[in-house]
Amino acid sequence: MPDQNRPKAAAEGGGRAAGRTRRKRDSLNRENILEAAERIAVRDGLEGLTFQSLGDQLNAHPTSMYRHFRDKDELVLALIDSLRDRSYHGALVPTGDWRDDLRLAAKVVHEHYLRYPQFAQQMAARTTRLPREFANMEYTLRALLDAGFERADALHYQRVFGNYVRSFASIEAAARALPDDTQREDELAWRLQYEKLDPDEFPAMLGVGRPPLAIGDPDTFDFGLELLLDGLQARAAAAGRAGGSGT
């Protein structure tokens, strides 16, 4: 996500700042830039987050952001890690039970995505390579090793687990980020169209006696998580029996 408008931002920033006192050079730091970036992104979306908008928000020249962040991509990744740290710090504490550890990690991440739906797509698809991301991975990998999986298998299952949690959470977050009117219209249309279905063409759907569950159904994430944990436990037990039979 390179910041292709750097020269333009610098030029425009000078003109827009005319007649206004700029922030002192040494008063700008990563923390207040990230705070301003969050406010802008929540209000205008990530597409509205530019170094120009940051300059306007912070009463600083847009080019001053480059002393702290190489480009917008680096800023966004740092913002994602900062938000994660706010949600996860102190929350991922080993319980002594690997299933409970994974369950806790999944719920913390799920709640985090719903808390910051504007960032869901970037959080799901990008790697920040920053401390909080590595700490989360360490936590889930340790839980899978505690379950008894070999290291290579644990790595595969960590990716499956992480992809389930992030993809599910990002879909729900995307729906939550829609305007309230759109959400209500979609929910109403879903129910109305279901009632119009032909029972001869859709016998299974009508046979269950109610419309399909909504994307944001509150129980579906936990239901799927328990299915995943049951599958992991069954595989861990099978791997243990196979290992034991050779001794």
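Residues numbered from 1 in each chain as written. Predicted model: local features only at pLDDT ≥ 70, side-chain atom pairs only at ≥ 80, totals over all residues. Heavy atoms only, no water.

### Details of the overall build of the protein chain
No. 1: Assigned secondary structure in the protein chain consists of eleven helices and zero strands.
No. 2: Order of helices (α) and strands (β) in the protein chain, N terminus to C terminus: α-α-α-α-α-α-α-α-α-α-α.
No. 3: Among the 247 residues that make up the protein chain, the fraction classed as buried is 38%.
No. 4: A separation threshold of at least 6 residues defines the contact pool for the protein chain, and within that pool the share at least 24 residues apart is 70%.
No. 5: For the protein chain, the accessible area works out to roughly 14,600 Å², and carbon and sulfur atoms hold 54% of it. (Helix = DSSP H or I, 4+ residues; strand = E, 2+ residues; numbered from the N terminus. Buried < 20%, exposed > 50% of the residue type's maximum accessible area, 1.4 Å probe, protein only. Contact = heavy atoms within 4.5 Å. Areas by Shrake-Rupley, 256 points an atom, 1.4 Å probe, with all protein chains shown as cover.)

### So, the pattern of salt bridges
No. 1: Enumeration according to the criterion identifies 14 salt bridges in this entry.
No. 2: As a salt-bridge pair, Arg70 and Glu74 come within 3.3 Å of each other at their nearest N and O atoms.
No. 3: Residue Arg70 is classed as exposed on the basis of its relative accessible area, which comes to 56%.
No. 4: On the basis of relative accessible area, Glu74 is assigned to the partly exposed category, the value being 26%.
No. 5: Connected via shared salt-bridge partners are Arg99, Asp100, Arg103, Glu226 and Asp230. (Salt bridge = Lys/Arg side-chain N within 4 Å of Asp/Glu carboxyl O.)

### Looking at unusual backbone geometry
No. 1: Phi is positive for Asn59, close to 55°, though the residue is something other than glycine.
No. 2: Tracing the sequence through the fold places Asn59 in the loop between helix 3 (51-58) and helix 4 (72-88).
No. 3: Although it is not a glycine, Arg129 sits at a positive phi angle of roughly 60°.
No. 4: As for its position among the elements, Arg129 is in the loop between helix 6 (120-125) and helix 7 (131-146).

### Some details on the confidence of the model for the protein chain
Detailed reading of the predicted coordinates is not advisable wherever pLDDT is low.
No. 1: On average, residues of the protein chain score 87 in pLDDT, and 87% of them reach the 70 mark or higher.
No. 2: Low confidence marks residues 7-19, where pLDDT is under 50. Its contacts with residues over four positions away, or in another chain, come to 13 contacts. (pLDDT = per-residue confidence, 0-100.)

### Details of the side chain of Glu133
No. 1: Inspection of the secondary structure assignment puts Glu133 in helix 7.
No. 2: On the basis of relative accessibility, which here comes to 10%, the residue Glu133 falls in the buried class.
No. 3: Here the side chain of Glu133 touches Arg84 through a polar contact of 3.3 Å, side chain to side chain.
No. 4: The contact partners of Glu133, leaving out residues within four places of it in the chain, are Asp81, Arg84, Arg126, Thr127 and Thr128. (Polar contact = N/O pair within 3.5 Å; in protein donor to acceptor, adjacent residues only side chain to side chain.)

### Some points on the side chain of Ser170
No. 1: Of note, Ser170 is situated in helix 8 (residues 151-177).
No. 2: Beyond its immediate chain neighbours, meaning those up to four positions away, Ser170 contacts Tyr113, Ala120 and Ala124.

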